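Read off the chains here:
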Amino acid sequence: MKRKISSLPAKSRLTFDPDFGTAVSAAKAIRTGVISSRELTKHVFSRIRKHNEKINAFVTLNEEEALRQARKADRELAAGKIRGPLHGLPILIKDQFRTAGLRTTCGFTELADYVPDANAVAVQRLLDAGAVIVGKTNTPIGASDIQTYNKVAGTTNNPWDVTRTSGGSTGGGAAALAAGFGFLELGADLAGSIRTPANFCGVCGHKPSLNLVPAKGAIPPLPAQIPPTINLAGLNDLAVAGPLARSARDLKLELQILAGPGPEDAVAYRWKLPAARKAKLKDYKIGYVLTDPFCPVHPDIQAVMARTVDALGREGVKMQEGWPNGISFGDVFETYFKLMAAYVSQSPLFTDAFIDAMKTLYDLPFGETQRQYVEGLTLSHKAWGALGVKRLLSRQAWHTYFETFDAFLMPANCIPAFAHNHGRNLWGRVLESSDRPRYYVETFKWISPATLAGLPVTLIPAGKTPDNLPVGLQIMGPFLEDGTTLDLACKLEDLLGGFTAPPGLD
């Protein structure tokens, strides 16, 4: 899509879309002189002033410094110096990642005035590639919810329907991308925090293979708990940092900048994005599931998934339905849910009083998942180790499966974006859905297979519901073969049509 913007210089009109174009095309437009970094950055802030009030995607804007950096990028380009593939490109950073000289809160009121003196590793890599930071995008408290709201910045709304959530925890970033407030976002994913907001807002996200992108400098932990200079990768068995964008090709561009060993490991290790397994779409062999009794998927989402499977079949792709041998969805989720609870158990949010309150809900219909979560919060090291073995067995089952198949498709969630619901007991919330009420915990289930096994997932928009809400598709692949899921995403994007802008944001 190309769009005429009368406020931009004539040379940039009709050349690329400064509102909703790709990062690849915008970076090329800057490098080739179609538009300057300053012109594009000013345009982005003009859009933010026009549209952000109804969306509330940001915690902190960085306009003065962004324009200064954009002017510097233009001077460097005029002198023949290009810092990297993102030279002069306006991008977004989730407020979970420390940024030097720019407020970083992660939704905590205790950090409302916290200004780090150093960048997270991933932030620094984007800056070294030439990016210009537009601002910090909103996240729930501690990046610990599937909705985005907090007392520091308020609630982020979905650009497709402001009465609904943008998702979490990278909800501010996904909403900002969908609204055309920047060209790339740095996010993170433990409980679907890249995939769920990308799904709900109709953009793209990539959950990398485990520990592919350094998370050093992210919050939590809080600065008072553990120094941000400590590399926590050795303790990490689930969480990742990764890119969001409006196209799969942009995800690939950003991942190639973000990925690779942290500074401590780079003395010995290097990383290169592996080539995709196949060159042509018709040569891929792909497995899939549309729904599962453990977490039934809304019929509108199943319909989008079925159309995608049919479209792939017409292209000659070999498709087979069903989970791999050794994968039981219910067992996978239980293991993931306990390990996820153990991972976050050091957060100040999980006080003894909070845990005691959760125990009072055991007799309710969702009590078993409540019990699983509390068990995870209070795991012994012996129990944690036993769950770790189950995690590795899950990865082994997928490894065996991917000796025959190249990728696996599944829904991103059981329901589309739902109405804001900020009830005090997070796990006890009941969500209204047009098929049937859903307990809150159900919205965490479809992200669990890839997270438990540490596998890469590329999420792209696959269609919309009859209510015009986006439906995303998870493309999961073999461990460390992120190049395959990204390649398939690019090919599927061409087949299905890719990103479309929400109405009313011209």
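For the structure, check the block above.
The following refers to the structure shown. (Residues numbered from 1 in each chain as written. Predicted model: local features only at pLDDT ≥ 70, side-chain atom pairs only at ≥ 80, totals over all residues. Heavy atoms only, no water.)

Focus on the packing of helix α8 (residues 299-314) against helix α14 (residues 482-496)
Item 1. It is at 11 Å that the axes of α8 and α14 come closest, and there the two elements cross at 100°. The orientation of α8 relative to α14 falls into the category roughly perpendicular. Taken together, the residues of α14 that come into contact with α8 (itself represented by Thr-308, Ala-311 and Leu-312) are Leu-492, Leu-495 and Leu-496. (Axes fitted to C-alpha atoms, helices over the stretch in contact; angles between N-to-C directions. Helix = DSSP H or I, 4+ residues; strand = E, 2+ residues; numbered from the N terminus. Parallel < 35°, antiparallel > 145°, perpendicular 65-115°, else oblique. Contact = heavy atoms within 4.5 Å.)

Some points on the packing of aromatic side chains
Item 1. If you walk through the whole model with that rule in mind, you get 20 aromatic pairs.
Item 2. Each ring, one from Phe-333 and one from Phe-337, has its centre 4.8 Å from the other, and the planes form 25°; the classification is stacked. Of this pair, Phe-333 and Phe-337 both sit in helix α9 (residues 329-344), separated by four residues, roughly a single helical turn. Each member of the pair, Phe-333 as well as Phe-337, is classed as buried.
Item 3. A ring pair is formed by Tyr-401 and Phe-405, whose centres lie 4.4 Å apart and whose planes are at 10°; its orientation type is stacked. Phe-405 shares its class with Tyr-401; the two are buried. (Phe/Tyr/Trp six-rings, centres within 6.5 Å; stacked < 30°, edge-to-face > 60°. Buried < 20%, exposed > 50% of the residue type's maximum accessible area, 1.4 Å probe, protein only.)

Some remarks on the nonpolar core
Item 1. If you look at the biggest cluster of nonpolar residues, it comprises 142 residues, and the most contacted ones within it are Tyr-373 and Trp-398.
Item 2. The biggest single contributor to this core is α9, with nine residues.
Item 3. Beyond its immediate sequence surroundings of up to four residues, Trp-398 is in contact with Trp-323, Pro-324, Ile-327, Phe-408, Pro-449, Ala-453, Leu-455 and Met-476. (Core = buried A, V, L, I, M, F, W, Y, C linked by side-chain atoms within 4.5 Å.)

Describing the pairing of strand β2 (residues 90-94)
Regular strands place side chains that alternate from one sheet face to the opposite one.
Item 1. Among the five residues of β2, five are classified as buried, and the element is accordingly described as predominantly covered.
Item 2. In this sheet, strand β3 (residues 132-137) lies alongside β2 in parallel orientation, the contact comprising five bridges. Bridge pairing in β3 links Lys-94 to Thr-137.
Item 3. The parallel pair β2 and β3 is bridged by helix α4 (residues 121-128), and the resulting crossover is right-handed.
Item 4. Two elements, β2 and strand β8 (residues 185-189), share two bridges in a ladder whose sense is parallel. Counterpart to Leu-92 in the pairing with β8 is Glu-185. (Pairing = 2+ DSSP bridges. Right-handed = clockwise from strand over helix to strand, strands pointing away.)

A few points about the packing of α4 against helix α7 (residues 248-258)
Two numbers describe a pair of packed helices, the interaxial angle and the distance between the axes.
Item 1. Remark: α4 packs on α7, axes separated minimally by 9 Å, with the N-to-C direction vectors making an angle of 110°. One element, α4, and the other, α7, form an angle in the roughly perpendicular class. Here α4 and α7 pass one another in a crossing that is right-handed. For the pair α4 and α7, contact is made by Ala-122, Arg-125 and Leu-126 and by Glu-254, Ile-257 and Leu-258, respectively. (Left-handed = near helix turned anticlockwise from the far one by under 90°.)

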